[in-house]
Amino acid sequence: MRRRAHVTGVLMAAVGVWVASAAASAQSLKPAPELGSWEVRNQLLVNGKDVLADLRKAQQEALKDLPVEQRAQAQALLEKSAGEGQRECLTTKDLEGWSDPRQRLAQMERDAPSCKFDLDSVAGPTMQFKGRCSQSDGFTGEVNGSMTMTSARAWTASYTGKGRMADVKVGDKVEPGAPVEIKSSASGRWLGAECSAK
């Protein structure tokens, strides 16, 4: 489960970079996102199975074992970091380097150090990229993706990857080095200019 969470982290890192600062090229990716509070939704399928839903379910089960006084605090942390309906605040600092896609790709690589990304193209509101991840205890394979600023207040992104995973649950058993197909989708929508303290 920890390795599956790492793959989720790698892909979510790419999504996080785009939420925080989107992407651009020598040609700018337009429009720029509005500053303020954004809601981000994610889905990650590994071999057709929704691993984020499984992760949320396992986290909810783990909450049952906590003492009552810790349960509310842990529940609040889970809700804040959940892949579904996560809130993020986009600031002026997040937009630094907006027009330089190489900066965006470099940030993606810092967030997912086992991956190397290359820009395919930027056309109007859409950026396309490809990459390769190589992690001995996680995902190793090719990744392709795109991100579109549908407006200054909304974006969508999708990613696919094919490769091998260090440990993959197939039925009731774990198969090391099993082939995997990853499909991820994400979207963001602007909620308002003010960021909440949550």
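Structural data are supplied above this passage.
The structure presented is a predicted model; accordingly, all values stated were derived computationally and were not measured.

*Asks:* Help me out: how do you make sense of the nonpolar core in this one?
*Replies:* Soluble, globular proteins show a tendency: their nonpolar side chains are buried together. In this structure, V46, L105, M127, F129, F139 and W155 are the most contacted members of the largest nonpolar core, which totals 30 residues. Residue assignment for this core shows that the elements contributing at least two residues are β1 (36–46), α2 (51–63), α4 (101–111), β4 (115–123), β5 (126–134), β6 (139–151), β7 (154–170) and β8 (173–192). With residues up to four places along the chain from it excluded, the contact list for V46 reads V51, M165, V180, E181 and I182.

*Asks:* Quick question: what am I supposed to make of the state of the cysteines here?
*Replies:* The term disulfide refers to a covalent linkage connecting the sulfur atoms of a pair of cysteines. Summed over all chains, the structure comprises two disulfides. Bridging C89 to C195, the disulfide has an S-S length of 1.9 Å. Its S-S torsion of about 80° marks the bond between C89 and C195 as right-handed, since a negative value means left-handed. One end of the pair, C89, is in strand β3 (residues 86–90); the other, C195, is in the segment after β8, with 106 residues separating them in the sequence. What makes C89 partly exposed here is its relative accessible area of 40%. With a relative accessible area of 32%, C195 lands in the partly exposed category.

*Asks:* I'm lost on the environment of R189 in this one. Help?
*Replies:* With respect to the helices and strands, the residue R189 is situated in strand β8. For R189, a relative accessible area of 44% gives the class partly exposed. Remark: the alpha-carbon pair of R189 and V40, spanning 149 residues in sequence, is separated by 6.7 Å. R189 has contacts with S37, W38, E39, R153 and A154, leaving out every residue within four places of it along the chain. For R189, the side chain forms a polar contact with the side chain of E39, separated by 2.8 Å.

*Asks:* Mind showing me how you'd approach the side chain of S184 here?
*Replies:* You can see S184 is positioned in strand β8. Owing to a relative accessible area of 4%, S184 belongs among the buried residues under this scheme.

*Asks:* Please clarify how the packing of aromatic side chains should be interpreted in this entry.
*Replies:* Two aromatic rings are characterised by how far apart their centres lie and by the angle between their planes. A full pass over the atoms with the stated rule returns two aromatic pairs. Consider the rings of F117 and F129, whose centres lie 5.4 Å apart with planes at 75°: the pair is edge-to-face. Here F117, found in strand β4, pairs with F129, found in strand β5; they are 12 residues apart in sequence, far enough to count as distant. By the burial criterion, F117 is buried, and F129 matches it. Accessibility expressed as a relative area gives 1% for F129, which makes it buried. Cluster of aromatic residues (ring-pair linked, three or more members): F117, F129 and Y159.

*Asks:* I'm lost on the pattern of salt bridges in this one. Help?
*Replies:* Side chains that differ in sign of charge can pair as their charged atoms come close. Applying the stated criterion to the full structure yields seven salt bridges. Its salt-bridge partner being E39, residue R189 comes within 2.8 Å of it at the nearest N-O pair. With R189 in strand β8 and E39 in strand β1, this residue pair connects regions lying 150 residues apart in the sequence. Residues D120 and K130 are paired through a salt bridge, measuring 3.9 Å at the closest nitrogen-oxygen approach. In this pair, D120 is assigned in strand β4 and K130 in strand β5, connecting sequence segments 10 residues apart. Through salt bridges with shared partners, one network takes in E39, R41 and R189.

*Asks:* Teacher, can you tell me more about the pairing of β1 here?
*Replies:* Put simply, side chains in a regular strand alternate between the two faces of the sheet. Among the 11 residues that make up β1, eight are buried, leaving the element largely enclosed by the rest of the structure. Sheet analysis places β1 next to β8, joined by 10 bridges and oriented antiparallel. Directly across from W38, in β8, lies its bridge partner W190. Two strands pair when backbone bridges link them, and β1 and strand β2 (residues 49–50) are joined in this way by two bridges, in the antiparallel orientation. The partner of L45 across the bridge, within β2, is D50. In this antiparallel pair of consecutive strands, β1 and β2, the connection spans two residues, and N47 shows a positive phi of 50°.

Conventions used here
Residues numbered from 1 in each chain as written. Predicted model: local features only at pLDDT ≥ 70, side-chain atom pairs only at ≥ 80, totals over all residues. Heavy atoms only, no water. Core = buried A, V, L, I, M, F, W, Y, C linked by side-chain atoms within 4.5 Å. Buried < 20%, exposed > 50% of the residue type's maximum accessible area, 1.4 Å probe, protein only. Helix = DSSP H or I, 4+ residues; strand = E, 2+ residues; numbered from the N terminus. Contact = heavy atoms within 4.5 Å. Disulfide = S-S within 2.5 Å. Polar contact = N/O pair within 3.5 Å; in protein donor to acceptor, adjacent residues only side chain to side chain. Phe/Tyr/Trp six-rings, centres within 6.5 Å; stacked < 30°, edge-to-face > 60°. Salt bridge = Lys/Arg side-chain N within 4 Å of Asp/Glu carboxyl O. Pairing = 2+ DSSP bridges.

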